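# Residue-level structure breakdown
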Amino acid sequence: MRIVIDATSLLLRSAGIKSYTYFWLQHLRRIAGADRIHAFPFLDSLGALDHERSMLSPLETYARLALLYFVNVPGNPALNFLPGDVFHASNQVRSPPANKKLTATVHDLTCWLMPEVHTAANVRADRRFADRVFRRADRLIAVSENTRQDAIRILKIDPDRIETIYSGVPDVFFDANPAPAAKPYVLFIGTIEPRKNLNTLLDAWEALKPDLREAFDLVVAGPIGWSSEGTAARLRSGIPGVRCPGYVPERDLPGLTAGATAFVYPSLYEGFGFPMAQAMAARVPLLTCNNSCLPEIAGDGALLVDARSSGEMRAALERLLTEPSLRARLAENGRMRAERYRWEDCARRSLAFFHKL
């Protein structure tokens, strides 16, 4: 079988979907056997993962984006001539081939459930993609059962057409050694944007008992996203104990994650939640929220709070930072839970998914 995966996200500034595409492709190719896994547009060689820029040189990137623009011309049948039996689409391709089995991954339904945390352009693009791909696809992958149920309920997808296949965590997180740090710290990793709900975390942090804020730092790691001017200004204002290293390269994430006393993920909605799954794999106790897929992915490896309640978040943080036995229990439970999220397992199930076509 020849499977073509749209990997355009590897040419763009992107976070979760780029990670998914990168590691998914790598592991599919490792176990493919007689099958052939190709990446559109002509991305058969993958370099190091960098969320901030293309994985190719500027010239190579522009050439491939020009090809993408060409195949997206309305009515253009060019992708029909692409060799392959299956085409796995992303939301960058507007006219998927009509002569191949069509599949796609449903990452989340936030553009329907919480359009206010996206740009208007993103909302329009995702809804067009649902009309052109999700509703037409032969089969779909959902990255969590919560996302699958959202797709069935909101997009009216036939339950038999969509299968839950959990995303993965790179193996390096399971064996990560803590990076040296001058002071114990609580860690947040993610793009700073409205959906990540960082202001509620900052409110909770500033309400902590003074001795805890003196004993621990809060490290906020991640690039500035859209509509975050107020949050960014707040982070730059010099809140005592809050450190902002900005975007952290992929190679440095395992050590940074493993070195944290606790990991906090206050998101308003997630389709899978890569940073918290990585923290669980690294045996870091987790505090997250009781919405979307977060309880499903975290299981008994986390304290769960209302994402809108800074008071609940503060109380849970104080418990984590003052109860070593609780941290130890959550860390062990989280590590056991994270064994479900191995890229090799994801790839194996995905290959079986393609063969069911």
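Residues numbered from 1 in each chain as written. Predicted model: local features only at pLDDT ≥ 70, side-chain atom pairs only at ≥ 80, totals over all residues. Heavy atoms only, no water.

## Details of the overall build of the protein
For the protein, the count of helices and strands is 15 helices and twelve strands. In the protein, once contacts between residues fewer than 6 apart in sequence are set aside, the share between residues at least 24 apart is 69%. Carbon together with sulfur atoms contributes 52% to the accessible area of the protein, which is approximately 15,000 Å² in total. Each charge class in the protein can be summarised by its mean position, and for the 44 positive and 39 negative side chains these summaries are 4 Å apart. (Helix = DSSP H or I, 4+ residues; strand = E, 2+ residues; numbered from the N terminus. Contact = heavy atoms within 4.5 Å. Areas by Shrake-Rupley, 256 points an atom, 1.4 Å probe, with all protein chains shown as cover. Lys, Arg positive; Asp, Glu negative; His and termini not counted. Charge placed at Lys NZ, Arg CZ, Asp CG, Glu CD.)

## Quick notes on the sheet that holds strand β4 (residues 101–106)
An order of β2-β1-β3-β4-β5-β6 is seen for the six strands of this open sheet, with the pairing classed as parallel. What marks the edges here is a single partner per strand, and that holds for β2 (36–40) and β6 (162–164). Between one strand axis and the next, the sheet turns by 25 degrees as a mean value, whatever way the strands run. When strand β3 (residues 86–89) meets β4, the two strands line up parallel, connected through four bridges. The residue bridging F87 from the neighbouring strand is L102, located in β4. Along the sheet face, helix α5 (residues 145–154) touches β4, β5 (139–142) and β6 and points at about 160 degrees away from the line of β6. (Pairing = 2+ DSSP bridges. Axes fitted to C-alpha atoms, helices over the stretch in contact; angles between N-to-C directions.)

## Examining a positive patch on the surface
On the surface, R94, R124, R128 and R132 cluster together into a positively charged patch. Within the fold, R94 resides in the loop between β3 and β4. (Patch = residues over 30% accessible without salt bridge, like charges linked within 9 Å, V, L, I, M, F, W, Y side chains within 5 Å. Salt bridge = Lys/Arg side-chain N within 4 Å of Asp/Glu carboxyl O.)

## Comments concerning unusual backbone geometry
A cis geometry characterises the amide bond from F40 onward to P41, with omega recorded as 0 degrees. Of note, P41 is situated in the loop between β2 and α2 (58–71). A positive phi is found at S292, a non-glycine position, where the angle reads about 50 degrees. Relative to the assigned elements, S292 resides in the loop between β11 (286–289) and α12 (294–298).

## Describing helix α9 (residues 229–236)
Among the residues of α9, those classed as buried are T231, A232, R234 and L235. Across the axial projection of α9, the buried residues extend over an arc of 160 degrees, all falling on one side. Opposite the buried face of α9, by more than 90 degrees, sit the exposed residues E229, G230 and R236. Positioned one or two residues after α9, G238 has a phi angle of 90 degrees, which is positive. (Buried < 20%, exposed > 50% of the residue type's maximum accessible area, 1.4 Å probe, protein only. Arc of directions from axis to C-beta.)

## Considerations on α2
Helix length check: α2, at 14 residues, gives a terminal C-alpha distance of 20 Å against a target of 20 Å (1.5 Å per residue), a fit within 8%. Restricting attention to buried positions, one finds in α2 the residues T61, L68 and V71. Projected down its long axis, α2 carries its buried residues within an arc of 90 degrees, all on one side. When the buried face of α2 is taken as reference, the exposed residues oriented beyond 90 degrees from it are P58, L59, Y62 and Y69. In this fold, the buried residues of α2 make contact with β2. (Expected span 1.5 Å × (residues − 1).)

## Looking at the pattern of salt bridges
Overall, the coordinates contain 25 salt bridges when judged by the stated rule. In this structure, the salt-bridge partner of E163 is K356, at a minimum N-O distance of 3.5 Å. One end of the pair, E163, is in strand β6; the other, K356, is in the segment after α15 (343–355), and 193 residues separate them in sequence. Exposure remark for K356: the relative accessible area of 55% places this residue in the exposed category. Close ionic contact of E344 with R348 constitutes a salt bridge, the shortest N to O distance being 3.0 Å. On the criterion of helical spacing, the pair formed by E344 and R348 is a turn pair, its members being four residues apart in helix α15. For R348, a relative accessible area of 43% gives the class partly exposed. Residues joined by salt bridges that share partners form a network here, namely R139, E163, R349 and K356.

## Remarks on the nonpolar core
Counting 121 residues, the largest nonpolar core has W24, F134, L187, F263 and L287 as the members making the most contacts within it. Not counting the four nearest positions on each side in its chain, W24 is found in contact with I5, H88, T105, I141, W343, C346, S350 and F354. (Core = buried A, V, L, I, M, F, W, Y, C linked by side-chain atoms within 4.5 Å.)

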